[in-house]
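Here is how the chains run, residue by residue.
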Amino acid sequence: MPLRFSVKAIFYSIALFYAVNPAICQPDYTFKSFSVEEGLSNASVNKLFKDEYGLFWIGTRDGLDRYNGHDFRHYYHDKGNPKSLSDNYIFDLIQYGRDSLFIATDNGIDIYRYSSDDFHHVHVANEEPYTAIHFEVDTQNKLWATTSIGLLKIEKDSIYHFQADSLDPWSLDESYLQDIVFYKNKAFISSYFSLNLLDIATGKFSNKNNSENPVFHLSDTPIYKMKLTSDGYIWY
């Protein structure tokens, strides 16, 4: 008890000191705002990402912007250029490899190559145009993407496509997905009105179609985002 009392006493003394000296605990930050007038492609920003080279990438609803701390560079879809962005509506960004920036657009996934300063579209076999929503890297450093046509696992030479199948009770319960988080050898995947749990080793999904677990039987509330905490809890 004496030790605990001493720790509390020190804590309260520090708190009192900063309470009567508020200026000490206020860092001297300088804020600068950017709008279309200052160089943004669009005022609606969906994603802000800083790569390993110190460049800021800004995914907007009408173009992709790159900011080096001084100037903006803009990237847009160009119908006459097959190595331009597939679509101007950007949902997510992630650097995966030193030369590759993956971009989730309203028309699928693009890969920006730093070395050639152009874009390459990721094709999914036998699929119409689709929307890519979110990227995440698993515990084995594999890249996954949630999309409007299901879940994609993207490897160097192949793409594994998981989607809803009414004839397979262990498939996704729906294909329009939102978010994904990984815990050990499992993946939690959210859609608008459901939650799936993927066993990565078997490729089987647990959900409301094959499990009585109440975690899969949710109210009609969309799950746009999830967070895994260090104590193993999933928040959504």
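Because the structure is a prediction, the values reported are computed rather than measured. (Residues numbered from 1 in each chain as written. Predicted model: local features only at pLDDT ≥ 70, side-chain atom pairs only at ≥ 80, totals over all residues. Heavy atoms only, no water.)

Participant: Please explain the overall build of the chain as it appears in this structure.
Facilitator: Across its full length, the chain holds one helix and 18 strands. Taken over 236 residues, the chain has a buried fraction of 38%. Long-range contacts, defined as pairs at least 24 residues apart, comprise 40% of the intrachain contacts of the chain with a sequence gap of at least 6. Accessible surface for the chain amounts to roughly 14500 Å². Of this, 53% is attributable to carbon and sulfur atoms. (Helix = DSSP H or I, 4+ residues; strand = E, 2+ residues; numbered from the N terminus. Buried < 20%, exposed > 50% of the residue type's maximum accessible area, 1.4 Å probe, protein only. Contact = heavy atoms within 4.5 Å. Areas by Shrake-Rupley, 256 points an atom, 1.4 Å probe, with all protein chains shown as cover.)

Participant: Just checking my understanding: could you explain the packing of aromatic side chains for this structure?
Facilitator: Remark: the centre distance and the inter-plane angle together describe each pair of aromatic rings, the angle taken between the planes. Going through the model one piece at a time under the given rule, you end up with 15 aromatic pairs. Summarising the aromatic geometry, the rings of Trp57 and Tyr114 are spaced 6.2 Å apart at their centres and angled 90 degrees between planes, so their arrangement reads as edge-to-face. Placement of Trp57 in strand E2 (residues 56-60) and of Tyr114 in the loop between strand E7 (108-113) and strand E8 (118-122) is noted, with a sequence separation of 57 residues between them. According to the relative accessible area criterion, Tyr114 is buried, its value standing at 18%. One aromatic cluster is present, formed by Tyr53, Trp57, Tyr75, Tyr112, Tyr114 and Phe119 through successive ring pairs. Above the face of the Tyr160 ring, Lys153 is positioned so that its terminal group lies 5.8 Å from the ring centre. (Phe/Tyr/Trp six-rings, centres within 6.5 Å; stacked < 30°, edge-to-face > 60°. Lys NZ or Arg CZ within 6 Å of the ring centre and 35° of its normal.)

Participant: Explain the sheet that holds strand E10 (residues 143-147) here, please?
Facilitator: Strand pairs in the sheet, formed through backbone hydrogen bonds, run parallel or antiparallel to each other. The antiparallel open sheet is built from four strands, whose spatial order is E9-E10-E11-E12. Only two strands of the sheet have a single neighbouring strand rather than two, namely strand E9 (132-137) and strand E12 (159-162). When strand polarity is set aside, the average angle formed by the axes of neighbouring strands in this sheet is 20 degrees. (Pairing = 2+ DSSP bridges. Axes fitted to C-alpha atoms, helices over the stretch in contact; angles between N-to-C directions.)

Participant: Explanation requested: the pairing of strand E6 (residues 100-105) in the structure shown.
Facilitator: Sheet faces and side chains relate simply in a regular strand, where the side chains alternate between the two faces. Where burial is concerned, most of E6 is hidden: six out of the six residues are buried. By the alternation rule, side chains of E6 split into Ser100, Phe102 and Ala104 and Leu101, Ile103 and Thr105, which are all buried. Taken together, the five bridges between strand E5 (residues 90-95) and E6 define a ladder with antiparallel strand orientation. Bridging across to E6, Asp92 finds its partner in Ala104. Hairpin connection of E5 to E6: four residues between the antiparallel strands, including Gly97 at a positive phi of 100 degrees. Judged from the six bridges that link them, E6 and E7 form a sheet pairing that is antiparallel. Following the sheet pairing, Phe102 is matched in E7 by Ile111. Connecting E6 to the next strand, E7, in antiparallel fashion are two residues.

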